[in-house]
Amino acid sequence: MRIPAKQHYSFLIKPLLWLQKRHYGNVLNPALLWGRRPALFWLVAGFFGYLDRKSSPVTPVTRSLVCVRVSQLNDCEFCVDANGMKLAERCDSVEKIKALANWQVSDLFEPQERSVLAYVEAITITGQRVDEEMIAQLKQWYDDDAIVELTALISFQNLSAKFNTALDVPKQGFCSLPIQPNEIQQPAKQPIASPSDDDKR
């Protein structure tokens, strides 16, 4: 990491570090950075805890698809690793997980998931924009409050991924599945035609 861990952390965040070690078997690398600012750490933990609660209007599988896809788009190794582990726990299709980076050309995703993933990419990829058609698509499955929450989840994961990427937070080997980062298939390039003999004259 570009900023090292501290030797000693505030007692104010010891409960969060203990919970992480209990759940994951180790303290998460980003916590060693957020933990330098205890107030920020609590705010970030509370924000994500609320978004990932059981009563969320967004299903657990969809929440994890969102988090992994944002992680892939930001090339965040830690995020793909940690969120990939959670997705593997929630999703019963290994093939779907492996296909996530190329969801546009896969038939493993439901229409609702495809609408959400298109929204994820419109928010996350520089140069893309959300349009009214995307919102209309989402409204087939989500009310206005749920769309606000979905947008908050996508935005939070972008914050987290950009934070980890900027500070070079390494993965910790949580996910054993080969979840590739961003491998969107591009249209094949057309070969450049050679000039004909007439053109050369």
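## Overview of unusual backbone geometry
Alright, step 1. Non-glycine residue Asp-75 carries a positive phi angle of around 55°.
Alright, step 2. Structurally, Asp-75 is set in the loop between helix H4 (60-73) and helix H5 (77-90).
Alright, step 3. In this structure, Asp-168 takes a positive phi of about 55° despite not being glycine.
Alright, step 4. Its location among the elements puts Asp-168 in the loop between helix H9 (144-166) and helix H10 (197-200).

## As for H5
The α-helix advances 3.6 residues per turn, and as a result positions three or four apart in sequence lie on the same side.
Alright, step 1. For H5, built from 14 residues, the straight-helix expectation of 20 Å at 1.5 Å per residue is met to within 8% by its first-to-last C-alpha distance of 20 Å.
Alright, step 2. Taken as a whole, H5 has its buried residues at Phe-78, Cys-79, Val-80, Asp-81, Ala-82, Asn-83, Gly-84, Met-85 and Leu-87.
Alright, step 3. Elements that come into contact with the buried residues of H5 comprise helix H1 (14-24), helix H2 (29-34), H4, helix H6 (94-99) and H9.

## Let's talk about the packing of aromatic side chains
Alright, step 1. One pass over the full model with this rule turns up four aromatic pairs.
Alright, step 2. When the ring of Tyr-24 is compared with that of Phe-174, the centres are 5.5 Å apart and the planes differ by 50°; the resulting orientation is tilted. Here the residue Tyr-24 occupies a position in helix H1, and Phe-174 occupies one in the loop between H9 and H10, the gap between them amounting to 150 residues.
Alright, step 3. Take Tyr-24: its relative accessible area is 27%, and that puts it in the partly exposed class.
Alright, step 4. On the basis of an interplanar angle of 25° and a centroid distance of 5.4 Å, the ring pair of Phe-48 and Phe-156 is categorised as stacked. Pair noted here: Phe-48 is in helix H3 (residues 38-51) and Phe-156 is in helix H9, with a separation of 108 residues, a long-range link.
Alright, step 5. Phe-156 gets classed as buried once you look at its relative accessible area, which sits at 6%.
Alright, step 6. Taken together, the ring pairs in this structure connect Phe-47, Phe-48 and Phe-156 into an aromatic cluster.
Alright, step 7. Over the ring of Tyr-50 we find Arg-53; its NZ or CZ atom is 3.9 Å from the centre of that ring.

## Topic: the nonpolar core
Alright, step 1. Among the nonpolar cores identified, the biggest contains 53 residues, and Val-66, Leu-138, Tyr-142 and Leu-150 are the most heavily contacted of them.
Alright, step 2. The greatest single-element share of this core, amounting to eight residues, is contributed by H9.
Alright, step 3. Residues contacting Leu-150, with those up to four places away along its chain left out, are Val-58, Val-66, Val-116, Tyr-119, Leu-138 and Tyr-142.

## Section: the side chain of Arg-63
Alright, step 1. Within the element layout of this structure, Arg-63 appears in helix H4.
Alright, step 2. Judged by its relative accessible area of 3%, Arg-63 falls in the buried class.
Alright, step 3. There is a polar contact of 2.5 Å between the side chain of Arg-63 and the backbone oxygen of Val-58.

## Examining H3
Alright, step 1. For H3, which comprises 14 residues, the first-to-last C-alpha distance of 20 Å matches the rise-based estimate of 20 Å (1.5 Å per residue) to within 8%.
Alright, step 2. Three or more residues of H3 are buried, namely Pro-38, Phe-41, Val-44 and Leu-51. Buried positions in H3, seen along its axis, are confined to an arc of 165° and lie on one side of it. Residues of H3 that are exposed and point over 90 degrees away from its buried face: Ala-39 and Leu-43.
Alright, step 3. In the core, the buried residues of H3 are packed alongside H1, H2, H4 and H9.

## Focus on the packing of helix H7 (residues 111-124) against H9
Alright, step 1. Relative to each other, H7 and H9 sit at 50°, their axes nearing to 10 Å. Between H7 and H9, the interaxial angle falls into the category oblique. For the element pair H7 and H9, the recorded crossing hand is right-handed. For the pair H7 and H9, the contacting residues are Val-116, Tyr-119, Val-120, Ile-123 and Thr-124 in the first and Ile-147, Leu-150, Thr-151, Ile-154 and Asn-158 in the second.

So, how was this worked out
Residues numbered from 1 in each chain as written. Predicted model: local features only at pLDDT ≥ 70, side-chain atom pairs only at ≥ 80, totals over all residues. Heavy atoms only, no water. Helix = DSSP H or I, 4+ residues; strand = E, 2+ residues; numbered from the N terminus. Expected span 1.5 Å × (residues − 1). Buried < 20%, exposed > 50% of the residue type's maximum accessible area, 1.4 Å probe, protein only. Contact = heavy atoms within 4.5 Å. Phe/Tyr/Trp six-rings, centres within 6.5 Å; stacked < 30°, edge-to-face > 60°. Lys NZ or Arg CZ within 6 Å of the ring centre and 35° of its normal. Core = buried A, V, L, I, M, F, W, Y, C linked by side-chain atoms within 4.5 Å. Polar contact = N/O pair within 3.5 Å; in protein donor to acceptor, adjacent residues only side chain to side chain. Arc of directions from axis to C-beta. Axes fitted to C-alpha atoms, helices over the stretch in contact; angles between N-to-C directions. Parallel < 35°, antiparallel > 145°, perpendicular 65-115°, else oblique. Left-handed = near helix turned anticlockwise from the far one by under 90°.

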